[in-house]
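# Structural overview
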Amino acid sequence: MDESEDVPKDFIKLKSEKLSVDEVSELVVSPYCGAVSLFIGTTRNNFEGKKVIHLEYEAYTSMAETEIKKICRDARQKWPSVKHIAVHHRLGVVPITEASVIIAVSSPHRAESLEAVTYCINTLKASVPIWKKEIYEDEYSWKENKECFWANSEK
Amino acid sequence: QVSVLYFAKSAELAGLRCESLSVPRHITSLQLWEEIVKAHPRLAVIRDQVVFAVRQEYVPLGNQLVVLQSGDEVAIIPPISGG
């Protein structure tokens, strides 16, 4: 039906507008794939007893996109049957319960897309230059992913 | 002359997001850090928690020699928290 060859594609976007699960999953849908796996990262309303008002994200945008492309390339090496990968990350203010990141992966059968989505979010947290600030009622805090190898993990 | 980019906590401590800096063409990453701290002493507190990104490749602070060209981007990368 579709005249294009359905070549595997990566869809990477960093944007400040609200993310759409429908939009991201539709990007990866393919007639050759029986599975679309999704991860949605949403903002929680509390951290260590403090009430979180909202999150703010910033990014080294050009490098973040390059690092996400590398993650997609590596995911395809590990799971060659993966068809399309979409990674959308929100920047700026993200209110509670809204999505900060959506990752979708399609593959013919479910095992590969489920594993690839897990790999993508775990690796994103370890290597993509994006920062999150949690805003509380009377202070704020720059978060540090435990996956980040140069963060001080002892405190 | 390289472009130094500051992000997250390092931008707050330095008070800016971007500036030009004159540095030697061959320099260790630790020496590069020390040049930057001379200009922005408040950055000293995060020394143990940052890495550089030189031409968008991560470089830890240490004896690594970096070769810089005019116009290169050098970014200060505090611990990341994407996702």
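As a starting point, this report considers the structure included with it. In this text the structure is predicted, and so the values were computed from the model without any measurement.

### Examining the overall build of chain B
Secondary structure summary: chain B contains 2 helices and 7 strands in total. Order of helices (α) and strands (β) in chain B, N terminus to C terminus: β-α-β-β-α-β-β-β-β. Dimensions along the principal axes, computed over C-alpha positions, put chain B at roughly 30 × 25 × 20 Å. Pairs at least 24 apart in sequence give 55% of the contacts found in chain B among residues at least 6 apart. Positive and negative side-chain charges of chain B, numbering 7 and 8 respectively, have mean locations separated by a distance of 3 Å.

### Focus: the pattern of salt bridges
Pairing is possible between side chains that carry opposite charge, provided their charged atoms lie close to one another. Residues and elements named next belong to chain A. One pass over the full model with this rule turns up 16 salt bridges over all chains. With a closest N to O distance of 3.9 Å, Asp6 and Lys83 form a salt bridge. One end of the pair, Asp6, is in the segment before β1 (10-15); the other, Lys83, is in the loop between α2 (61-78) and β5 (85-90), and 77 residues separate them in sequence. Both residues of the pair, Asp6 and Lys83, count as buried.

### Examining helix α2 (residues 29-39) of chain B
Residue and element names in this part refer to chain B. All buried positions along α2 are accounted for by Ser29, Leu32, Trp33, Ile36 and Val37. Relative to the axis of α2, the buried residues are bounded by an arc of 140° and lie together on one face. Packing partners of the buried residues in α2 comprise β1 (2-6), β2 (18-21), β3 (26-28), β4 (51-54), β5 (57-60) and β7 (73-77).

### Points about the nonpolar core
Grouped together as the largest cluster of nonpolar side chains are 28 residues, with contacts concentrated most on A:Ile85, A:Ile103, A:Val105 and A:Val128. Sorting the residues of this core by element identifies β4 (50-59), α2, β5, β7 (99-107), α3 (110-127) and β8 (130-136) of chain A as the ones contributing at least two each. No other element matches α3(A), which puts 6 residues into this core. Setting aside chain neighbours within four positions, we find A:Val128 in contact with A:Ala64, A:Glu67, A:Ile68, A:Ile71, A:Thr123, B:Tyr58 and B:Ile80. Listed in part, the 23 residues of the second largest apolar core include B:Ile36, B:Leu43, B:Val50 and B:Val59.

### Details of the interface of chain B and chain A
Listed per partner, the contact involves 23 residues of chain B and 31 residues of chain A. Surface buried jointly by chain B and chain A totals about 2,400 Å² across both partners, of which 56% is contributed by carbon and sulfur atoms. With a shortest N-O distance of 4.0 Å, B:Glu57 and A:Lys70 are connected by a salt bridge. Run the count over chain B and chain A and you get 22 residue pairs in polar contact (both at pLDDT 80 or more). Looking at the side of chain B that touches chain A, the elements with two or more residues in it are α1 (8-14), β4, β5 and β7 of chain B.

### Looking at the sheet that holds β7(A)
All names here are of chain A. Reading across the sheet, the 4 strands line up as β1-β5-β7-β2 and stay open at both edges, with mixed pairing between neighbours. Only two strands of the sheet have a single neighbouring strand rather than two, namely β1 and β2 (35-42). Taking the axes of each pair of neighbouring strands and ignoring which way they run, one obtains an average angle of 5° across the sheet. This element, α3, spans β2, β5 and β7 of the sheet and lies at about 145° to β7.

### Some remarks on unusual backbone geometry
A negative phi holds for most residues other than glycine; trans holds for most peptide bonds. All names here are of chain B. The backbone of Ala8 sits at a positive phi, close to 50°, despite the residue not being glycine. When you line up the elements, Ala8 lands in helix α1. The phi dihedral of Arg55 is positive, around 50°, even though this residue is not glycine. Its location among the elements puts Arg55 in the loop between β4 and β5. Arg55 sits in the partly exposed class, given a relative accessible area of 42%.

What counts and how
- Residues numbered from 1 in each chain as written.
- Chains lettered and ligands numbered in written order.
- Predicted model: local features only at pLDDT ≥ 70, side-chain atom pairs only at ≥ 80, totals over all residues.
- Heavy atoms only, no water.
- Helix = DSSP H or I, 4+ residues; strand = E, 2+ residues; numbered from the N terminus.
- Contact = heavy atoms within 4.5 Å.
- Lys, Arg positive; Asp, Glu negative; His and termini not counted.
- Charge placed at Lys NZ, Arg CZ, Asp CG, Glu CD.
- Salt bridge = Lys/Arg side-chain N within 4 Å of Asp/Glu carboxyl O.
- Buried < 20%, exposed > 50% of the residue type's maximum accessible area, 1.4 Å probe, protein only.
- Arc of directions from axis to C-beta.
- Core = buried A, V, L, I, M, F, W, Y, C linked by side-chain atoms within 4.5 Å.
- Buried area = accessible area lost by both parts, 1.4 Å probe.
- Polar contact = N/O pair within 3.5 Å; in protein donor to acceptor, adjacent residues only side chain to side chain.
- Pairing = 2+ DSSP bridges.
- Axes fitted to C-alpha atoms, helices over the stretch in contact; angles between N-to-C directions.

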